[in-house]
Every structure is written in C-alpha cells, then in structure tokens.
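# Descriptive analysis of the structure
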Amino acid sequence: MNKIYDKLTTLDFAVIAIYLVALLIIGYIASFKNKKKDETLFMAGNSLNWYNIGFNMWGTNVGPSSLLAFASIGYTAGIVGGNFEWYAFVFLLLLAMVFAPRYIASKVSTMPEFMGKRYGKSTQDILAGYALIKILISWLSLGLFSGGILVRQILGIPMWQSTIVLVAFAGLFTFMGGLKAIARVNVFQMLLLIVVSLTLTFLGLREIGGISALIDKTPANFWNLTRPASDPGYPWHALLLGYPVSAVAFFCTDQSMVQSVLGAKNLKQGQLGVNFIGWLKVLALPMFILPGIICYVLYPNLGDDKLAYMTMVTNLFPSGLNGLVICVLIAVLVATIGSSLNALSTVFTKDIYVNNINKNATVKQQINVGRMVVVIGCVLAVLMAIALDNIEGKTLFDIFQSILGYLAPPLAVTFLLSVFWKRTTKLAVNLILSAGSAVSLFVGMLNLWIMPPNAGTGKNLWWPHYFLVSFYLFAFLFVSAVIISLLDPNPTTSAMNSKKDSPDSGIKQNDLDTISDFVEKTENNSEFVLPKTDKQVKILFALLGLVILSLYLIFNFH
C-alpha cells in the first residue's frame, strides 16, 4: 500500500477541503470583484503590484518539479543545485534593467508582439508558433508530468488519472479568471509553500541535531557550489557557459515568466517584482535543497533519489500535516500550470487569432477564444505528460534542463541581438527563429531520444554535457545571425524602415505616439530613450547582488 495515503487521517482530508474552498474563494474574488468593463483574461488589467508579480513569477518558476528535483539534487550532490537559483540573479537583473523597460514602453501583451513591432508581422507569426510549442513542452507538459509523479507517489493512482485531475483544477482558474486570478491566488499559495517547506527543514535538522551535525555527517563537497570540470553531473564550466543560454530565454523572453511583468501597474512595480523573486530565490537552499541533504543523512539507502522529499514528509511530519503537504502540491501545480495555460491562451489569442484571423475581435470574442485554447491546452498537456512518463535514463530535473537547453538558443540569440545590436536584420531573426529552431530541436531529439548518451552502451558516446551542447548551439546561431545580418543585401533592421502601413509592417506610423507615451525621443529623433530606473530599484538590486556574492564566497571558500 502507499505509505502517504495510508497515513492520511480525517484531519488531513479536512485540511485539504478547507484549503480548496479558500483557494476557490480567493480566485473568485480576484476574478470578479471590482472587475473593469474592458478587462480580459490576459494582462490582469495592468493592476499587479510588486508582490503579486514576484510571487506569481516565483510560483511559475517553482513548479512541482522543484520540490522533487532540488531535494533529489541535494540527496545526491549537495548544494550545487543552488546555482540554478542564485546564478539567476544576473538574468533577473537583465530582465529588470534591459528588457522590462522596453516591453512595458512598447505596451505589448506578448513576446511575439514585441518582436513584431521591431521587425514586422512575419517575425511575430514565426515567434508565436515557436512560443506555443515552447510553452506546451517546457511548461505545461513537464510541469504536469512532475506533478503527476508526486501525486502518484502520494495517492498511488495512475499517471493519467493524476494529470487529468491536476490540469482540470488548474485550468479552472485560468478559464474563469486569467492572470489576475492566478496572480492573486499565488500570493496565498507561495506563503503556504514557504511555511511548509521551512517546517520540513526545521523538523529534519532537529532530528539530526542541528546544522553542525548535518555538516559533520555529509561529504565535504556537498557544501560547494562549484564542482570540478570532470564532474559528470554539474561541471562548473558547463554551468558557467550553458546556463546563461537557458536563463536568458527563461527569465527574459519566456511568455510564462514575463507576462506577470507585462501586467504591472508601471515599470517600477514590474522591476520591484523581479527584484522580489530574486530575494525569494535565496530561500532555495533551506526550502528545497536542505531537505534532500537531510534525507541523505537520515535515509542513506533510499534507492531512488526522486523519493527524497516525500520520504521526509512521510517520516517527519506528524499525523494531520500530510494534508497540508498535499495542499502545497496543489499550490505549486496551480501556480505553474495555471500561469502556463494563461500564457498559452494569450499568445494564441493575441498573436494568432487577433493578428491573423479576426483583427477586429471584441474583448468578449478574445476571452472566448482564450478559454477555448485553455481547454485544448489542458488536453494536449495531459497527453504529452503521459508520453513523457515513458522516458527513461534521466532524472526529472535533467529532463527539464535538457529540453529548455535545446529550446533556448534561438530565443536567446534573437532577443539579445535585437536589444544590443541595432544592425540585426529581419532576415537574420526570421532564419534563426525558423531554421535555427529546427536545428536546435533536431539536436535535442538526437540527444534525448534517438541517440541518447548512454544508449545501451553504458558509455557517454561522444556527447558533451547537455549545457555545453546548448552553448555550442547558441554560439553557432549567434555567429550565423551576425554573418547573415552583415551580408543581407536588403537589410531591414526595424519594421519602421518598412513601407508605411505595408502588410508586414509591425509598427505603423499611427502607432508611434502610443509607444512614445512611455519614452522620450532623442534630440535627433532617431532613437527612443528609455525612462530612468528608480533609485530604490537600483539600491535593492545592489543589496541582492551583495547577498548572492556572499553566498558564493561562503559556499566555495568556507
């Protein structure tokens, strides 16, 4: 019989019932109370404050895989998983200071729309299609798959049953309330996640005898953030070179992550929200990684490292609190899947439906289409999660990082060049997003399915670490984009260079006043100057940077 299910008592079920009712009430109030007449599902009426943005981004980022994967890394390798949270500071800073001002100033709802305003409709269409695929694979399917694993561990039910229940519940919020409901509910859910996870860590440390006893009973390298280049799991040079490719695409260009910033009241609130998620990421060590390290000491013969988190729960939480753990699982699932479904419906509705099918769509028509996409997305996510359940040979965390690593290079190249190099041409961007994406996805299929590193041989074949493969793809596409731009016989570097009101013009002449509401033109009127970042934002990011630097010094030179 399933250990956790056997431990559930009447009190556990009561806690779960109270939580679900509270969740529905919060979602209902957020969705319908003081709702504006023209408010849609997508941008929350540009009403989000910094704490809504921070909690929602964190809730989207801290999917169900975090509870499972970070504890798994802690069990097998120690705190090296902290790199995935603390190294992210650099790219959160990039989002806040470089990308967010441009996104908000352009008044866009989606990333394809932003690129469309730069290069034109064809670029927007290509990126919209790629964004839909990315959201379906890297967010919905993987998030639902990892959540299904956890629910299967708890209740002992088949994957298809657990995924259907989970996606139906998360889809309900997106269907009814959209981003506003998700963001409001996530504040409540993430506070619950913090309380439960820190409680689990506290109980584990008390069982062992404190931090000093934990350090004495674990290998010395468990407390180093960097591992040798020969380390098969997380070599330092692979993380240093490959992680930025995924991080730029993930934090700076991914619709699911950036959409909360786009729904901000203003630029300052958006930047403060990004800063807030950085502070929340500092908690990764005590909340997600330490439980795995503690499990290594308490239960060294676990067998399957994916069971580390739930093993701690089963053995340390007193009767009655297991229901609260299930509530946490529901919280992170609703956060990740709900935000992903909302991003999926936003991209399809804004970039496909309105841009190509019904340019004069009313708000009501857009909401109806968005809800239809939510339902279809739920069905596809369940089918893909069941298919992922048949993949063997990689941990859940490595599957997620590998897939993101192969989806990321085209996005990272095109967005970075578009922002930092004005000579980047439309032809280069379109080719990288289309042909370059095909190359990246093909290499990913070779590595994950067709010719995996250990396919029946027990050897690594000729594959380098998947992060290095991602970096090599990025470098190849980056150089290709530069060469194409320089050799382009008819360089188009901006949609504004296109013929006025042409079918492929992303920014028409009468759109310029709208964009200039948030920016000022330079003296020669050739460029836009972005508004200055508030001093408070700069101070908070400087403090966060000092904290992150201190953590790296402490855990590498202790």
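Since this is a predicted model, take the numbers as computed values, not measurements.

## Some points on a nonpolar patch on the surface
A cluster of nonpolar residues, M372, V375, I376, V379, L380 and L383, forms a patch on the protein surface that exposes about 520 Å² of accessible area. Considering the arrangement of structural elements, one finds L380 in helix α18 (residues 363–388). Classification of L380 as partly exposed rests on a relative accessible area of 35%.

## Structural notes on the packing of helix α6 (residues 89–105) against helix α12 (residues 236–253)
In contact at an axis separation of 9 Å, α6 and α12 are set at 40° when each is read in the N-to-C sense. Between α6 and α12, the angle falls in the class oblique. In this structure, α6 meets α12 at a crossing whose hand is right-handed. Residue-level inspection shows F91, L92, L94, L95, F99 and Y103 of α6 in contact with α12, the latter providing Y243, P244, A247, V248, F251, C252 and T253. Considering only residue class, the contact of α6 with α12 consists of twelve nonpolar, one polar and no charged.

## Here's the deal with the packing of helix α14 (residues 267–282) against helix α23 (residues 535–554)
Running from N to C, α14 and α23 point in directions that differ by 15°, and their axes come no closer than 10 Å. Between α14 and α23, the angle is such that the two are roughly parallel. Pair α14 / α23 crosses with left-handed handedness. On α23, the residues touching K268, Q271, L272, V274, N275, G278, W279 and V282 of α14 are Q536, V537, L540, F541, L543, L544, V547, I548 and L551. Its residues assigned to classes, the contact of α14 with α23 comprises twelve nonpolar, four polar and one charged.

What counts and what doesn't
- Residues numbered from 1 in each chain as written.
- Predicted model: local features only at pLDDT ≥ 70, side-chain atom pairs only at ≥ 80, totals over all residues.
- Heavy atoms only, no water.
- Patch = residues over 30% accessible without salt bridge, like charges linked within 9 Å, V, L, I, M, F, W, Y side chains within 5 Å.
- Areas by Shrake-Rupley, 256 points an atom, 1.4 Å probe, with all protein chains shown as cover.
- Salt bridge = Lys/Arg side-chain N within 4 Å of Asp/Glu carboxyl O.
- Helix = DSSP H or I, 4+ residues; strand = E, 2+ residues; numbered from the N terminus.
- Buried < 20%, exposed > 50% of the residue type's maximum accessible area, 1.4 Å probe, protein only.
- Axes fitted to C-alpha atoms, helices over the stretch in contact; angles between N-to-C directions.
- Parallel < 35°, antiparallel > 145°, perpendicular 65-115°, else oblique.
- Left-handed = near helix turned anticlockwise from the far one by under 90°.
- Contact = heavy atoms within 4.5 Å.
- Nonpolar A, V, L, I, M, F, W, Y, C, P; charged D, E, K, R; others polar.

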